[in-house]
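Spelled out, the chains give:
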Amino acid sequence: MTDATDGMVGDGYYDAHSTFQAKVAESGAELLEQAVQAATLPADGSVVVADYGCGEGRNSIATVQSVLKLIAPRITGSPVVLHSDLPTNDWAGLATNLAGEGSYLRTFPEARALFAPCGYFQRVTMPASITIGTSGSAAHWLSGQPPGLDMPRSLYRSDAPLAERAKILAQASRDWEAFLAARAEELQPGGVLLVQMLGSDGRDDPLRVSAAGLLRLMNECALQLVESGDVPKEAYAAYCFPVVPRTVEEAAAPVTGALADRLELLHCGLATVPSPYQQALEKTGDVAAFAKHYTAFTRAFSESSLARGVFAFGQGDPAKLADKYYGMMQSALAAKPDGYPFDDLTLAVMVRRRD
Ligand SMILES: C[S@@+](CC[C@H](N)C(=O)[O-])C[C@H]1O[C@@H](n2cnc3c(N)ncnc32)[C@H](O)[C@@H]1O
């Protein structure tokens, strides 16, 4: 199966339009502190920190900076940091960011950064080598398209018909177990992993699914491309946006089930992170800026998946189709700024590797 995405839009675009993901990381500050406290540190004073799904670095570097500040009083050796993402990630951008002003390499010049260009559904480094793992706004990405989808008018967990939703959830469940099994292998005994990802609230009926409003807009714009003949309906029917917000129960299941002998569940809970684009709109009333920034945020994380799963099957140049798609999105948001709220639920999961 090919990956669900080639990564975020690179060359600084994702970093410039990932303020929401930065807020997600900030919202986890207390949990990060608990994760560092809960980790058993190696007796030789060394520490290896890994960040999974690091992207081009703005938020990954900030998270690692926080971990190193928290852990510094407890270690004597030079910390090693592993940034991991898909081979197609913008690694050059990450290298540039690591050399920049805000980098933890300035604060902790004795630290060393390593890259692991490997998908997170397998082990990305040596067994039993990671002391503290983090992952921000990444683990909701699937390994690929769920096989056999037929959903010509929907795009996401929140709007898929029941039978198709079951295929999406089956894939999400297999993927999450694979993600955790790989971490169980590479965490040191007593090592702790903190994952923040999109969530769903299973207590509400209908289920409250993070980002459902935005995905409704993405679906409406894609359907316009199908209706105008730009994209064949068969290609669209076989595609879901390959991101699945999980419920607390779904997230806890492998830890209390198949992986219970290797992992211990320290935390699994939902919190809400407000959309910075919505907050700016409320403060300034500037609808054009809202539509522009909300669209750019969406483009930064979604373009590579849509390019591969939808635009590539279209008539003409996929890059022009992408411009048309995101242009439609921006116009729709400008016309109806209250119509497609981001409405986040962030799910945080903390696990510790058993001895
Ligand atoms: C929204 S970005 C988050 C980046 C960063 N952690 C942050 O908080 O800004 C999601 C990241 O997950 C990565 N990703 C998606 N699927 C992945 C996989 N199978 N293995 C590793 N990384 C993956 C993407 O390439 C991307 O860099």
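In case you missed it, the structure is sitting above this.
Note that this is a predicted model, so its numbers are computed, not measured.

### Quick word on helix 8 (residues 212-227)
At step 1: The end-to-end C-alpha distance of helix 8, which contains 16 residues, comes to 22 Å, matching closely the 22 Å that a straight helix rising 1.5 Å per residue would cover.
At step 2: Restricting attention to buried positions, one finds in helix 8 the residues Gly213, Leu214, Leu215, Leu217, Met218, Asn219, Cys221, Ala222, Leu223, Leu225 and Val226.
At step 3: For helix 8, the secondary structure elements touched by its buried residues are helix 9 (233-237), helix 12 (287-309) and helix 13 (318-335).
At step 4: Two residues or fewer past helix 8, Gly229 is found with a positive phi of approximately 85°.

### Quick word on the pairing of strand 2 (residues 80-85)
At step 1: Most of strand 2 sits out of view: 5 of its 6 residues are buried.
At step 2: Bridge analysis of strand 1 (residues 48-52) against strand 2 gives 5 bridges, and the strand direction is parallel. Each residue of the ladder has a partner; that of Asp51, found in strand 2, is His83.
At step 3: This β-α-β element, strand 1 to helix 4 (residues 58-71) to strand 2, shows right-handed connectivity.

### Structural notes on the side chain of Ser60
At step 1: By secondary structure assignment, the location of Ser60 is in helix 4.
At step 2: When its relative accessible area of 4% is taken as the criterion, Ser60 is described as buried.
At step 3: There is a polar contact of 3.0 Å between the side chain of Ser60 and the side chain of His83.

### A few points about the site of the ligand
At step 1: Around the ligand sit 18 residues, and of these Tyr14, Gly53, Asn59, Asp85 and Gly136 come closest.
At step 2: A distance of 2.8 Å separates an oxygen atom of the ligand from a polar side-chain atom of Asn59.
At step 3: Take Asp85: an N or O atom from its side chain is 2.6 Å from an oxygen atom of the ligand.
At step 4: Against a free-state accessible area of 590 Å², the protein chains account for coverage of 97% of the ligand.
At step 5: Each residue belonging to the shell around the ligand can be placed in one class, and the counts come to 8 nonpolar, 9 polar and 1 charged.

### Structural notes on the packing of helix 2 (residues 19-27) against helix 4
At step 1: The geometry of helix 2 relative to helix 4 is characterised by a closest axis approach of 9 Å and an angle of 15° between their N-to-C directions. When the axis of helix 2 is compared with that of helix 4, the two are roughly parallel. Considering only the axes of helix 2 and helix 4, their crossing is right-handed. Counted together, Thr19, Gln21, Ala22 and Ala25 of helix 2 and Arg58, Asn59 and Thr63 of helix 4 form the full contact between these two elements.
At step 2: A breakdown of the residues in the contact of helix 2 with helix 4 according to their chemical character gives 2 nonpolar, 4 polar and 1 charged.

### A look at the environment of Leu193
At step 1: Here Leu193 shows up in strand 5 (residues 187-198).
At step 2: Counting along the chain gives 157 residues from Leu193 to Val36, while the straight-line C-alpha distance between them is 9.3 Å.
At step 3: If sequence neighbours within four positions are ignored, Leu193 has contacts with Tyr52, Gly133, Thr134, Phe179, Leu180, Arg183, Leu187, Val349, Met350 and Val351.

### What about the sheet that holds strand 4 (residues 130-136)?
At step 1: Ordered in space as 3-2-1-4-5-9-8, the 7 strands form an open sheet in which the pairing is mixed. In this open sheet, the two edge strands, each paired with only one partner strand, are strand 3 (112-117) and strand 8 (263-271). Between one strand axis and the next, the sheet turns by 15° as a mean value, whatever way the strands run.
At step 2: Here 3 bridges tie strand 1 to strand 4, and the two strands are oriented parallel to one another. Across the sheet, the residue bridging to Ala50 is Gly133, located in strand 4.
At step 3: Along the sheet face, helix 4 touches strand 1, strand 2 and strand 4 and points at about 155° away from the line of strand 2.

### Quick look at the nonpolar core
At step 1: Among the nonpolar cores identified, the biggest contains 71 residues, and Trp176, Met218, Phe241, Phe311 and Tyr325 are the most heavily contacted of them.
At step 2: The biggest single contributor to this core is helix 8, with 9 residues.
At step 3: In this structure, Trp176 is in contact with Ala139, Val195, Met197, Arg246, Glu250, Ala251, Pro254 and Val349, ignoring residues within four places of it in sequence.
At step 4: One finds Val47, Val64, Tyr104 and Ala348 within the second-largest nonpolar core, a separate group that totals 27 residues.

### Focus on the packing of helix 3 (residues 29-38) against helix 4
Packed helices, taken two at a time, are described by the angle between their axes plus the distance between the axes.
At step 1: Orientation of helix 3 relative to helix 4, taken along the N-to-C sense of each, is 45°, at an axis distance of 10 Å. Between helix 3 and helix 4, the crossing angle belongs to the class labelled oblique. The crossing of helix 3 and helix 4 is right-handed. Contacts from Leu32, Glu33 and Val36 of helix 3 reach helix 4 at Thr63, Ser66, Val67, Leu70 and Ile71.
At step 2: For the contact of helix 3 with helix 4, the residue count by class is 5 nonpolar, 2 polar and 1 charged.

Criteria and thresholds
Residues numbered from 1 in each chain as written. Predicted model: local features only at pLDDT ≥ 70, side-chain atom pairs only at ≥ 80, totals over all residues. Heavy atoms only, no water. Helix = DSSP H or I, 4+ residues; strand = E, 2+ residues; numbered from the N terminus. Expected span 1.5 Å × (residues − 1). Buried < 20%, exposed > 50% of the residue type's maximum accessible area, 1.4 Å probe, protein only. Contact = heavy atoms within 4.5 Å. Pairing = 2+ DSSP bridges. Right-handed = clockwise from strand over helix to strand, strands pointing away. Polar contact = N/O pair within 3.5 Å; in protein donor to acceptor, adjacent residues only side chain to side chain. Near = heavy atom within 4 Å. Areas by Shrake-Rupley, 256 points an atom, 1.4 Å probe, with all protein chains shown as cover. Nonpolar A, V, L, I, M, F, W, Y, C, P; charged D, E, K, R; others polar. Axes fitted to C-alpha atoms, helices over the stretch in contact; angles between N-to-C directions. Parallel < 35°, antiparallel > 145°, perpendicular 65-115°, else oblique. Left-handed = near helix turned anticlockwise from the far one by under 90°. Core = buried A, V, L, I, M, F, W, Y, C linked by side-chain atoms within 4.5 Å.

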